[in-house]
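Analysis of the macromolecular model
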Amino acid sequence: MRGALGGSGVLLRRLREVMAAPVSPQERLDRLVVVIAGNLVAEVCSVYVLREDSSLELYATEGLNREAVHLTTMRAGEGLVGLIASDAEPLALSDAQAHPAFSYRPETGEEIYRSFLGVPILRGGAVMGVLVVQNRASRLYSEDEVESLQTTAMIMAEMIAAGGLKALSKPGATIGLDRPIHSIGTTLADGVGLGHAVLHEPRVAITNLIAEDPGREVQRLEAAIATMRLAIDELIERGDVAHTGEHRDVLETFRMFAHDQGWLRRMREVVMTGLTAEAAVERVQSDTRAKMLRQTDPYLRERLHDLDDLANRLLRTLVGKSNGVTREDLPENAILIARSMGPAALLDYDRRHLRGVVLEEGGPTSHIAIVARALGIPAVGEIANATALIQAGDAVIVDGQAGEVQIRPQPDVENAYKDKARLRARKQEQYRKLKTQAAVTKDGVEIQLQINAGLLVDMANLDETNASGVGLFRTELQFMVAQHMPTTAEQQALYGAVLKVANGRPITFRTLDIGGDKVLPYMERLEEENPALGWRAIRIGLDRPRLLRGQVRALLRAGAGCDMKIMLPMIATVNEFLRARLLVRREVAMLERDGRHGPTSLKLGVMVEVPSLLFELPEIAREADFLSIGTNDLMQFLFAADRENKRVSERFDPLSAAGLRALRSIVDEAGKADCPVTVCGEMGGKPIETLALIALGYRSFSMSAASVGPVKAMLRALDAGKARQRLDAWLGSSDGAASLRPLLSALATEMKVPV
């Protein structure tokens, strides 16, 4: 083989001539392998294309038996070609048949060839096929030769992506580019959405791949790198970025990668093979994404993400920024696809046309998940390489209930989901018919059903569900979607608008619950080993009293002439509550001293979510005006099991005896002190869990708007007295069962209670 990088330019020019020739797709592919083999002085050149069934099909060859074309196939991971497709890495061998993965296919006649060089055909990090050259003699392939073949593979990838080979596919053997993909992720927001993909940040379209003047392309690349570095420097030095803190460190790390010589040298080398500057950046980015998808170390994955982001910046500089779909031109039945996005970005889209969200990142407690649930948009996160696998306009199904995404689904799959969506719609219609029905159990026990909210848009759910009020208004969402710290006046305006929409129905405002996983971009964040157990919620409020006082002042002013309920999160001791109550009382006194009108009545409550408070229940029930139970954190802390860690999050069941006994102690002590208590965590919005809570004695729940119908349907069929008798008996036994869920499910079936 010639192998010199200078020879790549000649090869690319010859490939461009073949691509432009007015011939059939198969003839074009046949000519391409001849050109590649001739230029690289190889006796064999073969192209394998990934099909929709994940097998690799021989599409063209020079040197092997041509009768094997479209007949020879192998599974991903099978043989040397399958190994390259599986690992997405080049493979060079001087004695191919000695490799343990070698798979002999007699119909190809390749047994006489010893040397083997294969590279994956990559686009956006996704494998589309494999390009192979072979020689009879045993020999080592140089790095330049590998580089030359990788550059050629990129041209192949663009040809496949453009649909140039579709006409060659046999029935039932469609090219993998269009193959249906079933991907399992993490549920962010419940529901089923069918539609077509809209990319939140569309890919930069590269129309010119082959360079006319490599020297000029190097200059363009250098200029783009300088522009990118300058932009990052300006971002870091801007006055609105804190000069210390973790996110400053993150930006500094980002700047460090922008100066990474290995990454930059790699792009320069690719340009010198004959590609344009933008094509070189895309090729290196595709290699980076392929490595990222196969990397298990979270630190290395994050660093590869940084390089991916930097490559996008370079592409926008070289080609021009591609604007995302705006609020005004969002098509009907849009499924939004993004690597990640903030809650404010989601709110910019027209909710009427949005049917679902698919993210490469994001967990169930992320900010975007909270907003998606509030808007009632099905959403799934942790879908690997979604932005590369999904093309704009692709049919996509989002199953928020199962945490699954169907990409380019087969007609039978799509019909099945349409049936599922229709069934869900019928159930929702049945739930809507319950809207005017009282929330009363079969044996006459009245239950109060409220909704959780956090944005003004959520308040429409009050009328839609006929809920009795808002049992949890997450005030931190206003802070999370803002670009700066909301002023007291801005906070007051929101709280006033919420109270006006509520029209007399009770609203429980929870003070700022930030910290942990809820990081505000404009606030300094300390690096903590266990952020969920760290400086967050009321701890920040007590340590930074100006922040808490400003919010309390806004609440008191907004609540003038209304009944006001304020709840304090993450209270661990009675003393913390007393300190916070003193601060609130001082704000009330200041309001009166200034001659301002305040709330008609003010009740100050506590969110019970820290287990230490279980041992001060009589005292806290006596001091607080009401209690609300945050079951998400309470159970996480009770079992010392991080709810974001899949290895332990499902190891313990809240419906175990330990969890239910803890919850029973709270409602019992609250009852003794005549202190109202509400469940506002996720347990209160799941029918089987709510059944258990009613049996324990709870009579007030706050949940997502979508949960009100299923919970009301359940409780109206429930005999609360009978359920209590059974649960008391089970909790009184000591059989060591890991969970009472099977017994509760059997009870529901026995009583014909829908759960």
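Okay, so let's go over this structure. (Residues numbered from 1 in each chain as written. Predicted model: local features only at pLDDT ≥ 70, side-chain atom pairs only at ≥ 80, totals over all residues. Heavy atoms only, no water.)

1. Details of the pairing of strand E19 (residues 601-608)
Sheet analysis places strand E18 (residues 563-568) next to E19, joined by six bridges and oriented parallel. Bridge pairing in E19 places methionine 564 opposite leucine 602. Assessed by its sense of winding, the connection that carries the chain from E18 through helix H19 (residues 574-593) to E19 is right-handed. Bridging between E19 and strand E20 (residues 626-629) involves four bridges; their strand directions are parallel. Directly across from valine 606, in E20, lies its bridge partner leucine 627. Remark: the E19/helix H20 (residues 617-623)/E20 crossover connection has right-handed handedness. (Pairing = 2+ DSSP bridges. Helix = DSSP H or I, 4+ residues; strand = E, 2+ residues; numbered from the N terminus. Right-handed = clockwise from strand over helix to strand, strands pointing away.)

2. Remarks on the side chain of threonine 152
By the element assignment, threonine 152 lies in helix H4 (residues 143-161). Owing to a relative accessible area of 1%, threonine 152 belongs among the buried residues under this scheme. One polar contact links the side chain of threonine 152 to the main-chain carbonyl oxygen of serine 148, over a distance of 2.9 Å. For threonine 152, the residues in contact, after removing those within four places along its chain, are Leu11, Leu15, Ile36 and Leu131. (Buried < 20%, exposed > 50% of the residue type's maximum accessible area, 1.4 Å probe, protein only. Polar contact = N/O pair within 3.5 Å; in protein donor to acceptor, adjacent residues only side chain to side chain. Contact = heavy atoms within 4.5 Å.)

3. Details of the nonpolar core
Counting residues in each nonpolar core, the largest one holds 98 residues, and the members touching the most others are Leu627, Leu663, Ile666 and Tyr698. Those residues in contact with isoleucine 666 that sit more than four places away from it in its chain are Val608, Leu614, Leu617, Leu627, Ile629, Leu634, Val677 and Tyr698. The next biggest cluster of nonpolar side chains, apart from the first, holds 63 residues, and it includes Val35, Met128, Ala224 and Leu264. (Core = buried A, V, L, I, M, F, W, Y, C linked by side-chain atoms within 4.5 Å.)

4. Here we look at the pattern of salt bridges
Oppositely charged side chains are able to pair whenever their charged atoms sit close together. Counted by the stated rule, this structure contains 42 salt bridges. Measuring nitrogen to oxygen at the nearest pair gives 3.2 Å for the salt bridge that ties glutamate 429 to arginine 432. Linking glutamate 429 with arginine 432, this pair stays in helix H13 (residues 411-433), spanning three residues, or about one helical turn. When its relative accessible area of 47% is taken as the criterion, arginine 432 is described as partly exposed. Taking the shortest distance from any N to any O, the salt bridge between glutamate 476 and arginine 510 comes out at 2.6 Å. Pair noted here: glutamate 476 is in helix H15 (residues 476-481) and arginine 510 is in strand E17 (residues 507-510), with a separation of 34 residues, a long-range link. Arginine 510 matches glutamate 476 in its accessibility class, with the two residues each being buried. (Salt bridge = Lys/Arg side-chain N within 4 Å of Asp/Glu carboxyl O.)

5. Some remarks on the sheet that holds strand E5 (residues 115-123)
Strand order in the open sheet formed by six strands is E3-E2-E1-E6-E5-E4, with antiparallel pairing between adjacent strands. Taken across any chain shown, the strands that pair with only one partner, and hence form the sheet edges, are strand E3 (73-75) and strand E4 (91-93). When strand polarity is set aside, the average angle formed by the axes of neighbouring strands in this sheet is 20°. Bridge count for E4 against E5 is three bridges, and the pairing is antiparallel. From the neighbouring strand, leucine 93 faces E5, where its bridge partner is phenylalanine 116. (Axes fitted to C-alpha atoms, helices over the stretch in contact; angles between N-to-C directions.)

6. Brief notes about the sheet that holds strand E8 (residues 186-189)
Spatially, E7-E14-E13-E9-E10-E11-E12-E8 is the arrangement adopted by the eight strands of the open sheet, whose pairing is mixed. The open sheet has two free edges, formed respectively by strand E7 (181-184) and E8, since each of these has just one partner strand. Neighbouring strand axes in the sheet, compared pairwise and without regard to direction, differ in orientation by 30° on average. Here four bridges tie strand E13 (residues 395-399) to strand E14 (residues 404-407), and the two strands are oriented antiparallel to one another. Pairing of isoleucine 397 across the sheet is with glutamine 406, part of E14.

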